[in-house]
Amino acid sequence: MTTSTPSRKTTRSATRPSASIAEDRGIDDASTQTRATAPVDARVTAEDPDTLRGLYRDMLFVRRFEERTAQSYQQAQIGGYCHLNLGEEATVVGLGAAMRPTDYLFTNYREHGYALAKGIEPGRVMAELYGRSTGTSKGWGGSMHMYDTATRLLGGYAIVGGQVPLAVGAALAIDYRGEDDVVVCQMGEGTTNIGAFHESLNIAALWNLPVVFLVINNQTGMGTTVERSSAEPDLWKRAAAYRMRGERVDGTDVLAVRDMAGELIETARRERKPALLEAVSYRLKGHSVVDPAKYRTEEAVSIARSNDPVVRWRDALLAAGVLNDGSVAALETEVNAEVAAAVEFAASSPHPQPSSLFDYNYATPVAGDSRRLPADPLFTN
């Protein structure tokens, strides 16, 4: 991706041979509606090899991009808060493959991978992280506030759950205009405990709005497990309170995410039926770049590493003959070069001018709009 986009409409396959999330957690499959994952070889052979390789490339790109982001943060090239998609690449890429380019996406603050999957040039994403004027938000938003009208990524929200009512509003606008686009609203598992989440699901169901709520359950909200913070830890079940379809999917399985997300998105498009999708995965690092995650046991860390979606997908494709050692090495070289190009673009881009700080306060000029900076005098002669 020198500054081009990672290929988008790709599909990914199971890195997990046949075990479902429900089996991993000792939950009855029928009660959770978790679909059993078909054997990897059967699912891979049913897909176009170029599509499978494209999914791997996209996942690898998100992985290397985020690793480079962490390095740049440690080098003080990136400031503020910074949350990475490490361990969630299969969900990110699977969702991107399920959406149309014209569908809208609202995310929380862990959104770099989603920005790439939505089609934003990597250089612009990295430039926003660097706080440069060539970034997606002109350098004023940073890690948590990616935004791009052209690709219909409408944030990037730092407030937990802040995006959920806005996503419902966008779905209402689509319905009002009679359009066939769909809104996907991504959030973390902690968001399901706030009032705005329940209010939004209620309105979406009551008004039959084309929105799919995607809960990324990486099983640890900051430093607290879901079981200790949610009276009902099976988050997909919360859809039942609003007579809405709820599903859980293996978030480390790119094909499973793509297929289930695609089914729910298309149902929302055709029938105006909202849905809730819970994708269960493992966060490979702390909550943010500066979180050492000392609250995790060695066993929890080992489980997360053994469920690394990028490694498991690569191994599945190697086993199926879709990739070989040479093609894997070639992809690594290609991806690393494109990530390096994105960093070079960001580092060589100019910082925003202080005079542009208030440029986007209002959509149109407003009388009496103050543009006074902190160091400016209150009155001038």
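The name an unreviewed UniProt entry gives the protein is Pyruvate dehydrogenase E1 component subunit alpha, with Nocardia gamkensis as the organism. According to UniProt, the comment filed for the protein under the heading Subunit (unreviewed entry) is "Heterodimer of an alpha and a beta chain."

Colleague: Is there a simple way to explain empty space enclosed by the protein in this structure?
Modeller: Any space left empty among the atoms is revealed by the rolling of a water-sized probe across them. Under the counting rule described, the total for this entry stands at two cavities of 30 Å³ or more. Of the volumes computed, that of the second largest cavity is approximately 30 Å³. Lining the second largest cavity are Val-92, Leu-95, Gly-96, Met-99, Leu-105, Tyr-114, Ala-117 and Lys-118. Listed by contribution, the elements that provide at least two residues to the lining of the second largest cavity are helix H5 (89-98) and helix H6 (112-117). Looking at the lining of the second largest cavity element by element, the count peaks at three residues for H5. Residue composition of the lining of the second largest cavity, by class: six nonpolar, one polar and one charged.

Colleague: Which parts of the structure should I look at to understand the sheet that holds strand E6 (residues 245-250)?
Modeller: Sheet strands line up and pair through hydrogen bonds in the backbone, either parallel or antiparallel. Read across the open sheet, the five strands follow the order E1-E2-E3-E7-E6; overall the sheet is parallel. Two strands in the sheet have a free side with no partner beyond their single neighbour: strand E1 (104-106) and E6. Looking at each pair of strands side by side, their axes are set apart by 20° on average, direction ignored. Judged from the three bridges that link them, E1 and strand E2 (residues 183-188) form a sheet pairing that is parallel. The residue bridging Phe-106 from the neighbouring strand is Cys-185, located in E2. Together, E1, E2, strand E3 (211-217) and strand E7 (275-280) form the strand contacts of H5, whose direction differs from that of E3 by roughly 165°.

Calculation notes
- Residues numbered from 1 in each chain as written.
- Predicted model: local features only at pLDDT ≥ 70, side-chain atom pairs only at ≥ 80, totals over all residues.
- Heavy atoms only, no water.
- UniProt positions renumbered as here; feature names shortened; annotations may be inferred.
- 1 Å grid on protein atoms, 1.4 Å probe; cavity = no way out; pocket = protein on both sides within 12 Å on 5 of 7 lines; lining within 4 Å.
- Points joined across faces, edges and corners; volume = space filled by probe spheres on them.
- Helix = DSSP H or I, 4+ residues; strand = E, 2+ residues; numbered from the N terminus.
- Nonpolar A, V, L, I, M, F, W, Y, C, P; charged D, E, K, R; others polar.
- Pairing = 2+ DSSP bridges.
- Axes fitted to C-alpha atoms, helices over the stretch in contact; angles between N-to-C directions.
- Contact = heavy atoms within 4.5 Å.

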